[in-house]
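# Structure assessment
What follows is each chain in one-letter form.
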Amino acid sequence: SAGEPSRAATWIAREIWNATPLESNGFKPQRLPAPKRNDPCPCGSGRKFKQCCAGMATGPVLDVEAMWLVLVDACSDKYWVERAAARVLPMEGIAAVAFRFRESGRWRRGGDGPRPQAPSLPFSACSEGSRDSERG
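My aim in this report is to walk through the structure given alongside it, one point at a time. All values reported here derive from a predicted model rather than from experimental measurement. (Residues numbered from 1 in each chain as written. Predicted model: local features only at pLDDT ≥ 70, side-chain atom pairs only at ≥ 80, totals over all residues. Heavy atoms only, no water.)

### Examining the overall build of the chain
On a plain count of helices and strands, the chain comes out with 6 helices and 0 strands. Tracing the chain from N to C terminus, the helices and strands come up as α-α-α-α-α-α. Looking at the chain as a whole, 26% of its 136 residues are labelled buried. Partitioning the contacts of the chain with sequence separation of at least 6, the portion at a separation of at least 24 is 51%. Approximately 9300 Å² of the chain is accessible, and the part contributed by carbon and sulfur atoms is 57%. (Helix = DSSP H or I, 4+ residues; strand = E, 2+ residues; numbered from the N terminus. Buried < 20%, exposed > 50% of the residue type's maximum accessible area, 1.4 Å probe, protein only. Contact = heavy atoms within 4.5 Å. Areas by Shrake-Rupley, 256 points an atom, 1.4 Å probe, with all protein chains shown as cover.)

Put into structure tokens, the structure is as follows:
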């Protein structure tokens, strides 16, 4: 029917949302609840979910790791450098940023913001003194 492409777009948009790491949620996705059979359909048709999009709701689930790469490209280098410096990015985010920066050569060019400093370790096991004392 004529509304099928827009209904499909609703489910694609839900999957994008469900896979997108959100800064406000600690850079984890905040999934939308699955509609119940008798709930109004999320596509906005006004019909019950079971009579509308129930068959479309079983599409492919998007990969959160792939969404990290999309986010890195969508936000400025400065945004990612600031988040990395504040130590709020999870390992998946750090890996995606490092991969995209290296792949594109933005790291060598300096991007559009300051270059991050390598963080110091929160323990002294690798300090020069401890290495010297281990050598005996």
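### A short note on helix α3 (residues 77-85)
Taken residue by residue, α3 has D77, Y79, W80, V81 and R83 as its buried positions. Trailing α3 by a residue or two, R87 shows a phi angle of about 60°, which is positive.

### Quick look at the nonpolar core
The tendency in soluble globular proteins is for nonpolar side chains to be buried side by side. Residues F27, W68, L71, V72, Y79, W80, V81, L89, A96, V97 and F101 constitute the largest nonpolar core, which totals 11 residues. Elements with a contribution of two residues or more to this core: α2 (64-74), α3 and α4 (91-104). Formed by 5 residues, the second largest nonpolar core is a distinct cluster that contains W11, C41, F49 and C53. (Core = buried A, V, L, I, M, F, W, Y, C linked by side-chain atoms within 4.5 Å.)

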